[in-house]
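Each chain, written out:
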Amino acid sequence: MERTLIIIKPDAVQRQLIGRIITRFEEKGLQIIASRFMHITRDLAAQHYAVHKGKPFYDSLLNYITSGPVLVLVLQAPGVIAMARKLMGKTFGNEAEPGTIRGDFGASRGFNLIHGSDSPEAAQYEIGLYFNDNELVNYHLANEHWLYGDN
Ligand code: DAT
Ligand code: MG
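Residues numbered from 1 in each chain as written. Chains lettered and ligands numbered in written order. Predicted model: local features only at pLDDT ≥ 70, side-chain atom pairs only at ≥ 80, totals over all residues. Heavy atoms only, no water.

> If you had to explain the overall build of the protein chain to someone new, which residues and values would you point to?
Each helix and strand in the protein chain was counted, giving 8 helices and 4 strands. Starting at the N terminus and walking to the C terminus, you meet the elements of the protein chain as β-α-α-β-α-α-β-α-α-β-α-α. Over its C-alpha trace the protein chain gives a radius of gyration of 15 Å, about what one expects of a compact globule, namely 15 Å for 151 residues. By principal-axis analysis of the C-alpha atoms, the protein chain measures approximately 45 × 35 × 25 Å. Relative to its full complement of 151 residues, the protein chain shows a buried share of 46%. For the protein chain, the proportion of contacts with a sequence separation of at least 24, taken over those separated by at least 6, is 75%. For the protein chain, the exposed surface amounts to about 8300 Å²; the carbon and sulfur share of it is 50%. (Helix = DSSP H or I, 4+ residues; strand = E, 2+ residues; numbered from the N terminus. Rg over C-alpha atoms; globule rule 2.2 N^0.38 Å. Buried < 20%, exposed > 50% of the residue type's maximum accessible area, 1.4 Å probe, protein only. Contact = heavy atoms within 4.5 Å. Areas by Shrake-Rupley, 256 points an atom, 1.4 Å probe, with all protein chains shown as cover.)

Written as structure tokens, this is what we have:
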């Protein structure tokens, strides 16, 4: 079963959008298997965004993700990485399509509300930064046959 790391970022927390964003994932049928409300340290942010080190926006990215508390989630479903990213929309709200999280709630070119892993390798690395294996809760959704029946 595929997993992805989602971060509801400081702007979304401050704008009190947590519930509305999680609702998008729940409505889609994606399973929450872990969550943590936390303040990301600069060290952890540097590990998370290691692939962006050296890019012009790297410092502002670290400032942004450490600027306030975030809600970190692990979602699980067949194909969850691509589905979550489609629900999120393009990187910045000023370009993202209406109907997506960033398209519906964001207008900024800097603050973009949410992070989602972009590959299985990234997901495994990122989940390991925020959670121990025993914090990923193993359970069945009662309706999973109806949700994922043809996968
Ligand atoms: P995404 O979050 O859609 O996966 P990404 O992985 O390419 O986008 O970039 C990670 C974050 O870095 C993104 O959420 C916002 C920031 N970012 C990316 N490209 C940027 C740019 N050209 N200018 C400023 N910030 C940027
Ligand atoms: Mg990315």
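> Outline the packing of helix α2 (residues 18-28) against helix α5 (residues 80-88), listing residues and values.
Viewed as axis vectors pointing N to C, α2 and α5 meet at an angle of 135°, and their least axial separation amounts to 11 Å. As far as their axial angle goes, α5 and α2 are oblique. The two elements α2 and α5 meet at a crossing, and its hand is right-handed. Contacts from R24, F25 and K28 of α2 reach α5 at M83, A84 and L87. A breakdown of the residues in the contact of α2 with α5 according to their chemical character gives 4 nonpolar, no polar and 2 charged. (Axes fitted to C-alpha atoms, helices over the stretch in contact; angles between N-to-C directions. Parallel < 35°, antiparallel > 145°, perpendicular 65-115°, else oblique. Left-handed = near helix turned anticlockwise from the far one by under 90°. Nonpolar A, V, L, I, M, F, W, Y, C, P; charged D, E, K, R; others polar.)

Everything listed is a geometric property; what it means functionally is a separate question.
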